[in-house]
Amino acid sequence: MTPGAISQLERGRTSYTQPMLEALGQALHCSPADLIVRTPDEVSADDWLSHFFRNRNIEELQRIEQMLKAAFPEHRQDDAGEPRKRSKRN
């Protein structure tokens, strides 16, 4: 699709077809239904997170995990998966 065709679709000057929705959905990493059942401002946090992590390789995910652990040490878990108890600081 050309930028002009997308612009006409966005402005309602042309109607969409199923192949068009499928191509746009693939390009935007969503289902064709997502393009017609929600407006862009209705994207949930879960959708955003799913999109953010979907195409990351294992090294990127491990770096993200390390950064989050460093940024939020109070949320770390012990070896059994239980939240660590906070120590009182004086």
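Structural data are supplied above this passage.
All figures in this text were calculated on a predicted structure; none of them were measured in a lab.

Peer 1: Mind showing me how you'd approach the overall build of the protein here?
Peer 2: Check the secondary structure of the protein and you find 5 helices and 0 strands. Element order for the protein, N to C, with α for helix and β for strand: α-α-α-α-α. Relative to its 90 residues, the protein shows a buried fraction of 7%. Residue pairs in contact within the protein that sit at least 24 positions apart in sequence constitute 6% of those at least 6 positions apart. For the protein, the exposed surface amounts to about 8100 Å²; the carbon and sulfur share of it is 53%.

Peer 1: Explain a nonpolar patch on the surface here, please?
Peer 2: On the surface, Tyr-16, Ile-36 and Val-37 cluster together into a nonpolar patch covering about 300 Å² of accessible area. Among the residues examined, Val-37 registers a relative accessible area of 57% and is labelled exposed.

Peer 1: Honestly, the pattern of salt bridges in this entry has me stumped. Any pointers?
Peer 2: Pairs can form between side chains of opposite charge whenever their charged atoms are close. The full count for this structure, using the stated rule, is 1 salt bridge. Here Lys-69 and Glu-65 are joined by a salt bridge, their closest N and O atoms 3.3 Å apart. In this pair, Lys-69 and Glu-65 both sit in helix 5 (residues 58–71), 4 residues apart, roughly one turn of the helix. Owing to a relative accessible area of 36%, Lys-69 belongs among the partly exposed residues under this scheme. The class for Glu-65 is partly exposed, based on a relative accessible area of 42%.

Peer 1: Is there a simple way to explain unusual backbone geometry in this structure?
Peer 2: Working note: non-glycine residues mostly have negative phi, and peptide bonds are mostly trans. In the Ramachandran plot, His-29 falls in the positive-phi region, its phi being about 60° despite a non-glycine side chain. According to the relative accessible area criterion, His-29 is partly exposed, its value standing at 36%.

About the thresholds
Residues numbered from 1 in each chain as written. Predicted model: local features only at pLDDT ≥ 70, side-chain atom pairs only at ≥ 80, totals over all residues. Heavy atoms only, no water. Helix = DSSP H or I, 4+ residues; strand = E, 2+ residues; numbered from the N terminus. Buried < 20%, exposed > 50% of the residue type's maximum accessible area, 1.4 Å probe, protein only. Contact = heavy atoms within 4.5 Å. Areas by Shrake-Rupley, 256 points an atom, 1.4 Å probe, with all protein chains shown as cover. Patch = residues over 30% accessible without salt bridge, like charges linked within 9 Å, V, L, I, M, F, W, Y side chains within 5 Å. Salt bridge = Lys/Arg side-chain N within 4 Å of Asp/Glu carboxyl O.

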